[in-house]
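Residues per chain, in single letters:
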Amino acid sequence: MIVGATAVYGIIGNPVSHSMSPLMHNAAFESLGIDAVYVPFRVEDVESAVQGLRGLNICGVSVTIPHKEAVIPLLDEVDPVAGKIGAVNTIVSSMRDGRPFLKGFNTDWIGANRALQAVVSLKGKQVLLLGAGGSARAIGFGLLEAGAEVILCSRTPSRGRQLADEFGCLWLSLEDIGSVRADIVVNATSVGMAPQEDVSLMTVEQLSGVEAVMDIVYSPHRTRLLANADKAGCAIVSGLEMLLYQGVQQFELWQGREAPLAVMRHTLYRLLGYDAVLKEKEI
């Protein structure tokens, strides 16, 4: 029941009607008996929205497209890694000197790291990162933060080389993907989702000897890349686990306590109709 003391959280973006975050976070609040609610806010004017967060004493929000970059100069402080990434997907509000103090974080990279670390260590590992967009940027800085070495591989030379320079790492074109040996492979492109469900950037042979493969695409749950990785004997990580863990990290930033991981996983998987996959994970 929502009452006067109920803490309010939410997600700001445009669109937000498709977001799975409200169900996931509200299930987490309910499971722990926390008097809080998480709601979607469709936002076109992000500056006014941030003023609204302060004026209404909203406790925290997720930030999604197209506001992850535009929100940064409107905040009081930005976490150093989020600053490197140049994107904020989480805002934490606290009171300081009698007024709301808004700090921005990026939990996408933490979500990727935690999902991978569930099956493989990252420190000292060589990671082949496919893509040079916003997701690759967040994941790449996160991998470097965890002590991994990154090799960037992308279709567009100019964008790929620029990001590789920021990472301080080697850049390769997709045509050269078979020339490098890696401990871990991460696909941070949209290849593998509709209408490219039957496409994989790497073959079974190219994945031979790789310890773990993660695909940020989560629909379908098992992409062609992950199917190839499974055949090659690699540990596989679905993009849904990255989505889950970034939400878990958001919850922990807001609440200062351990998130109910199992509850959030069940909610997310069932929302997407992956009940059979969930049963496999529980076996």
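Before reading further, recall that the structure is shown in the block above.
Quick notes on the rules
- Residues numbered from 1 in each chain as written.
- Predicted model: local features only at pLDDT ≥ 70, side-chain atom pairs only at ≥ 80, totals over all residues.
- Heavy atoms only, no water.
- Helix = DSSP H or I, 4+ residues; strand = E, 2+ residues; numbered from the N terminus.
- Rg over C-alpha atoms; globule rule 2.2 N^0.38 Å.
- Buried < 20%, exposed > 50% of the residue type's maximum accessible area, 1.4 Å probe, protein only.
- Contact = heavy atoms within 4.5 Å.
- Lys, Arg positive; Asp, Glu negative; His and termini not counted.
- Charge placed at Lys NZ, Arg CZ, Asp CG, Glu CD.
- Salt bridge = Lys/Arg side-chain N within 4 Å of Asp/Glu carboxyl O.
- Pairing = 2+ DSSP bridges.
- Axes fitted to C-alpha atoms, helices over the stretch in contact; angles between N-to-C directions.
- Expected span 1.5 Å × (residues − 1).

Q: Help me out: how do you make sense of the overall build of the chain in this one?
A: Per the secondary structure count, the chain includes ten helices and twelve strands. In summary, the chain has a C-alpha radius of gyration of 19 Å against a globular reference of 19 Å for 283 residues, a match within 12%. Taken along the three principal axes of its C-alpha coordinates, the chain extends 60 × 45 × 35 Å. Across the 283 residues of the chain, 51% fall into the buried class. In the chain, the share of contacts with a sequence separation of at least 24, taken over all contacts with a separation of at least 6, comes to 64%. Charge separation in the chain, taken as the distance between the mean sites of 23 positive and 30 negative side-chain charges, equals 1 Å.

Q: How should I be thinking about the pattern of salt bridges in this particular structure?
A: A pair can form between side chains of opposite charge whenever their charged atoms are brought close. One pass over the full model with this rule turns up twelve salt bridges. We note a salt bridge from R265 to E241, for which the minimum N-O separation is 2.7 Å. Of the two residues, R265 sits in helix α9 (residues 261–271) while E241 sits in helix α8 (residues 239–255), which places them 24 residues apart along the sequence. Counted as one network, the salt bridges with shared partners bring together R54, D76 and R99.

Q: I tried to follow the pairing of strand β10 (residues 184–187) on my own but got confused; where do I start?
A: Where a strand is regular, its side chains alternate between the two sheet faces. Of the two faces of β10, the one lined by I184 and V186 and the one lined by V185 and N187 are each fully buried. Examined bridge by bridge, strand β7 (residues 126–130) and β10 share four bridges and lie parallel to one another. For L128, the partnering residue across the bridge sits in β10 and is V185. Inspection of the sheet shows β10 paired to strand β11 (residues 212–215) by four bridges, in the parallel sense. By the bridge assignment, N187 is partnered in β11 with D215.

Q: What is the right way to look at the sheet that holds strand β12 (residues 235–237) in this model?
A: Sheets are built from strands paired through backbone hydrogen bonds, the pairs being either parallel or antiparallel. One open sheet accounts for six strands, arranged β9-β8-β7-β10-β11-β12; its pairing is parallel. Every interior strand has two partners, whereas the edge strands, β9 (170–173) and β12, have only one. The average undirected angle you get between the axes of adjacent strands in this sheet is 20°. Note that β11 and β12 share three bridges and pair parallel. When the bridges of β12 are listed, V213 appears paired with I236.

Q: Please clarify how helix α5 (residues 134–145) should be interpreted in this entry.
A: Three or four residues apart is the spacing at which side chains of an α-helix point the same way, because the helix has 3.6 residues per turn. In a regular helix each residue adds 1.5 Å, so twelve residues correspond to 16 Å; α5 covers 17 Å between its end C-alpha atoms and thus fits that length. Burial in α5 covers these residues: A136, A138, I139, G140, F141, G142 and L143. Just downstream of α5 lies G147, where phi reads positive at about 90°.

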